[in-house]
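Per-entry structural report
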Amino acid sequence: MDRYQRQVGITRKKTNIMRQSPRTALTRIALAATFLTAFTALAPSVAHASTLTPRARMYQATNNSRLNNGVYKAYIHYKMSYLARQHSIKMANTPNGSGGLGKLFHTSNPAAYYLKGVNWSTWGENVGVTGGTIAGIEDAFMKSPDHRANILNGRFSRVAVGTYRDANGYLWVTVFFYG
């Protein structure tokens, strides 16, 4: 024991790990391995964002735009998101007048399509298509005054998100907000 340890009353227990029985040593190693495995399993995965579906990434991008601009998060309505996906599929498969498929359009009667039996006072809808990324389409929405207004409308507390990737790789997106 050195002088400092005597002054503050610190003592160190001397142990000789070699005197432990093999069973005790193996038990300690097994406990350490168990704790390391448990903590590793609880750590967030770096690959998590890349494993999200396009719908989940679009929902995340929408809420990131809201939060970055001081607007509360909108909560997803999963059953309504199924309808938004059906709308995205319909847009992707609608003749475009140029001999191909794919035409952007809004839901003709959102109150009847999305909001039947739902208590609501206001709604908005963003539709888009991209051959690029979710971040790219969210950026395009945020640069468009009408789409930006929908995303940042604080009266919209719920959102439905539907995505569909067509055979050519284009991602069709419908984001329906209501409150």
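Residues numbered from 1 in each chain as written. Predicted model: local features only at pLDDT ≥ 70, side-chain atom pairs only at ≥ 80, totals over all residues. Heavy atoms only, no water.

Comments concerning the sheet that holds strand β4 (residues 171-178)
Formally: A strand pair is defined by DSSP finding two or more bridges across the two strands. Comment: elements are numbered from the N terminus, with helices defined as DSSP H or I runs of at least four residues and strands as E runs of at least two. Pairs of residues are marked as contacts when any of their non-hydrogen atoms sit within 4.5 Å. Axis definition: a line fitted to C-alpha atoms, over the contacting stretch in the case of helices. Angles run 0 to 180 degrees between N-to-C directions.
Strand order in the open sheet made by the 4 strands is β1-β3-β4-β2, with mixed pairing throughout. With partners counted over all chains shown, the strands left at the sheet margins are β1 (75-76) and β2 (123-130), one partner each. Two strands pair when backbone bridges link them, and β1 and strand β3 (residues 158-165) are joined in this way by 2 bridges, in the parallel orientation. Within the sheet, the bridge partner assigned to Y75 lies in β3 and is R158. Most of the contacts of helix α3 (residues 54-68) go to β3, to which it runs at about 140 degrees, and overall it touches β1, β3 and β4.

Structural notes on a nonpolar patch on the surface
Test applied: Patch definition: residues above 30% relative accessible area lacking any salt bridge, with like charges linked at up to 9 Å and the nonpolar side chains Val, Leu, Ile, Met, Phe, Trp and Tyr linked at up to 5 Å. Here, Shrake-Rupley sampling with a 1.4 Å probe gives the accessible areas, and only protein chains in the shown set may cover a residue. Definition used for salt bridges: Asp or Glu carboxyl oxygen within 4 Å of a side-chain nitrogen of Lys or Arg.
A cluster of nonpolar side chains, contributed by L104, V129 and Y170, occupies part of the molecular surface with about 260 Å² of accessible area. Residue placement: Y170 occurs in the loop between β3 and β4.

Overview of the pattern of salt bridges
For the record, the criterion: When accessible area is computed with a 1.4 Å probe and restricted to protein chains, residues below 20% of their type maximum are described as buried, those above 50% as exposed, and intermediate ones as partly exposed.
For the structure shown, the criterion picks out 1 salt bridge. A salt bridge links K143 to D139; the shortest N-O distance between them is 3.1 Å. You can see K143 and its partner D139 sitting in helix α6 (residues 134-143), 4 residues apart, about one turn around the helix. According to the relative accessible area criterion, K143 is exposed, its value standing at 63%.

Description of the confidence of the model for the protein
Test applied: Values of pLDDT, ranging from 0 to 100, describe the predictor's confidence in every residue of the model.
On average, the protein scores 83 in pLDDT, and the residues at 70 or more come to 72%. Overall, residues 3-18 carries pLDDT values under 50, and its contacts beyond four positions in sequence, including any with other chains, amount to 6 contacts. Confidence drops under a pLDDT of 50 for residues 38-47, and excluding neighbours within four residues, the segment shows 0 contacts in the predicted structure.

Describing α3
Condition: Multiplying one less than the number of residues by 1.5 Å gives the expected span of a helix.
The terminal C-alpha atoms of α3 lie 21 Å apart, and with 15 residues this matches the ideal 21 Å at 1.5 Å per residue to within 8%. What α3 keeps buried is the set M58, Y59, A61, T62, N63, S65 and R66. In this structure, the buried residues of α3 make contact with β1, α6, α7 (145-151), β3 and β4. Just downstream of α3, G70 is the residue with a positive phi angle, here 75 degrees.

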